[in-house]
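Structural features, examined
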Amino acid sequence: MPLTLYNTMSRRKEELRPIDPRNVRMYVCGPTVYDFAHIGNARPVVVFDVLFRLLRREYGEAHVTYVRNITDVEDKINAAAKERGETIRDLTERTAKAFREDMAALGALPPTHEPRATEHIPQMIAMIATLIARGHAYEAEGHVLFQIATMKEYGRLSRRTLDEMIDGARVEVAPYKRDPGDFVLWKPSPPDLPGWESPWGRGRPGWHIECSAMSESLLGEHFDIHGGGLDLIFPHHENEIAQSLCAHEGRPFVDIWMHNGFLTVSGEKMSKSLGNFVTVHELLREWPGEVIRLALLSGHYREPLDFSAERLEQAKQMLDRFYRAIGEAAKTGTRLRHDDHEPAAVIAALTDDLNTPLALAGMHEALHALNASLQRAPEEAAEKAAMLRAGGALLGLLQQDPARWLKGEADDAAAIEDAIRRRNAARKAKDFALADRIRAELAGQGIVLEDKPGGKTEWRRA
Ligand code: AMP
Ligand code: ZN
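Residues numbered from 1 in each chain as written. Chains lettered and ligands numbered in written order. Predicted model: local features only at pLDDT ≥ 70, side-chain atom pairs only at ≥ 80, totals over all residues. Heavy atoms only, no water.

Overview of the overall build of the protein
Along the backbone of the protein there are 16 helices and 15 strands. With respect to the three principal axes, the spread of C-alpha positions in the protein is 75 × 50 × 45 Å. For the protein, the residues scored as buried account for 51% of the 462 residues in total. Sequence separation of at least 24 residues holds for 74% of the intrachain contacts in the protein that already meet a minimum separation of 6. Of the roughly 20,700 Å² that the protein leaves accessible, carbon and sulfur atoms contribute 51%. Side-chain charges in the protein split into 60 positive and 69 negative, and the spacing between the mean points of these groups amounts to 4 Å. (Helix = DSSP H or I, 4+ residues; strand = E, 2+ residues; numbered from the N terminus. Buried < 20%, exposed > 50% of the residue type's maximum accessible area, 1.4 Å probe, protein only. Contact = heavy atoms within 4.5 Å. Areas by Shrake-Rupley, 256 points an atom, 1.4 Å probe, with all protein chains shown as cover. Lys, Arg positive; Asp, Glu negative; His and termini not counted. Charge placed at Lys NZ, Arg CZ, Asp CG, Glu CD.)

Considering the state of the cysteines
Throughout the structure, instances matching the rule amount to zero disulfides. Cys-246 takes part in no disulfide bond, and the closest cysteine sulfur to it belongs to Cys-211, at a distance of 17 Å. Judged by its relative accessible area of 8%, Cys-246 is buried. (Disulfide = S-S within 2.5 Å.)

As for the pairing of strand S10 (residues 254-260)
By the criterion of burial, S10 is predominantly enclosed, with six of the seven residues buried. Alignment of strand S9 (residues 223-229) against S10, held across six bridges, turns out to be parallel. Of the residues in S10, the one forming a bridge with Gly-228 is His-259. Handedness of the β-α-β unit built from S9, helix H7 (residues 233-247) and S10 comes out right-handed. (Pairing = 2+ DSSP bridges. Right-handed = clockwise from strand over helix to strand, strands pointing away.)

Looking at the domain arrangement of the protein
The domains assigned to the protein are domain 1 (4-260), domain 2 (265-406) and domain 3 (409-461). Taking only C-alpha atoms into account, the centre of domain 2 sits 24 Å from that of domain 3. (Domains from an automatic or database assignment.)

Digging into the coordination of the zinc ion (ligand 2)
Surrounding the zinc ion (ligand 2) are the protein donor atoms Cys-29 (SG), Cys-211 (SG), His-236 (NE2) and Glu-240 (OE), at 2.0 to 2.8 Å. Of note is the zinc ion (ligand 2), whose four donor atoms meet at the metal with angles of 74 to 130° in an arrangement that counts as irregular. For the zinc ion (ligand 2), all donor residues lie on one chain, and their spacing in sequence is C-x181-C-x24-H-x3-E. One end of the pair, Cys-29, is in the loop between strand S3 (24-28) and helix H1 (39-59); the other, His-236, is in helix H7, and 207 residues separate them in sequence. The burial state of Cys-29 is the same as that of His-236; both residues are buried. (Donors = N, O, S within 2.8 Å, 3.2 Å for Na, K, Ca; no water. Tetrahedral: all angles 85-135°; square planar, octahedral: opposite > 155°, others 65-115°.)

Spelled out as structure tokens, the structure:
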């Protein structure tokens, strides 16, 4: 089924036509690791996780590469480390680990690659040197700046005029800038801050160049999808486009730009600076990760989503209804006649620009059908429950043991067992790349596999 996605660049829905269907490539801007992620930061993670699952279903698990970076060099990190009396390395390690655990608890699959900015400094230096050589960047007082006047299409993604952009970005007016809109590619670092030797002295990269260099390293010059929250359109993505296009002499960069809307609290964007945030870590003490995930998927990703206890309560009740019916179906003891397949309405909704509220309506229809057969034709219940679970898998929901869920002992044992079965099937089919990937994904969630003689695989928490 064709997959259509809204492209911020064209302001239209477009059919995804992968550059290489054997390797569909997506890059999503990841966290700056200085503090726990708030639930607004989790929105893009969960939204693009659904897209990752959909792409894997469409093109095969081994044919999708998903990169989500970790920004571990940035001024906010330096300030936070100083304030807490912690080394920068300790702070970024601890925060990246907490981020990984929080996102796993929300049912997000680990991306294929999670590059750290500090591991790609040579690539950033090389890209900056290319931009200088091509006349798009200049050095001034130890800084290297991108000169926006050298790029004709600057502003195409955000559709802003230069004046609007300068106002919007609250750009720093510095004496060494030729134009106030010019942005930093490299800046000097004093001895007490992280820094790397470069042709322009000891320094550190600007934020935007990190993503241009990391996407090029892991996905190549041209890839299919680039995502992030709405606030990244300008200046971050506009600047990524400027850097990558100019470094690559105008060759294509990204085919589809996708942006999620804001998670709001009483209508206002949730953010660290406004102080109206709640961390994923805190929420997980009160709610199962699956409830939080469903709450995040209950609105369309491009619309604002107002977050409230009521929304979480509704999500909890909805999951209870699903799990109750699936549990009842298991008790009928009937067997599956067909392979699992997702309800058609769920696929139709998700392939139309990731319409998760409509997909959830499709899941409700499937639930009604299951409840009807539990009453009138129990021999059909197992089939319908399997469909519901298959639809759930695409949304990252309903993979737990229903009996345990209903007892409030939510865990992911069923999902783990399922992954082990898929890995064993892959090994049997000699698809060792896929088998290794499944093992790595489980490892990312802290699950260690042990292959026993006789073909049995056991698992434990690391
Ligand atoms: P930051 O750490 O602020 O760079 O944010 C990391 C990711 O979360 C980016 O993709 C942001 O666009 C996104 N984000 C931040 N705040 C919100 C919010 N309130 N709602 C939705 N996405 C957000
Ligand atoms: Zn980025």
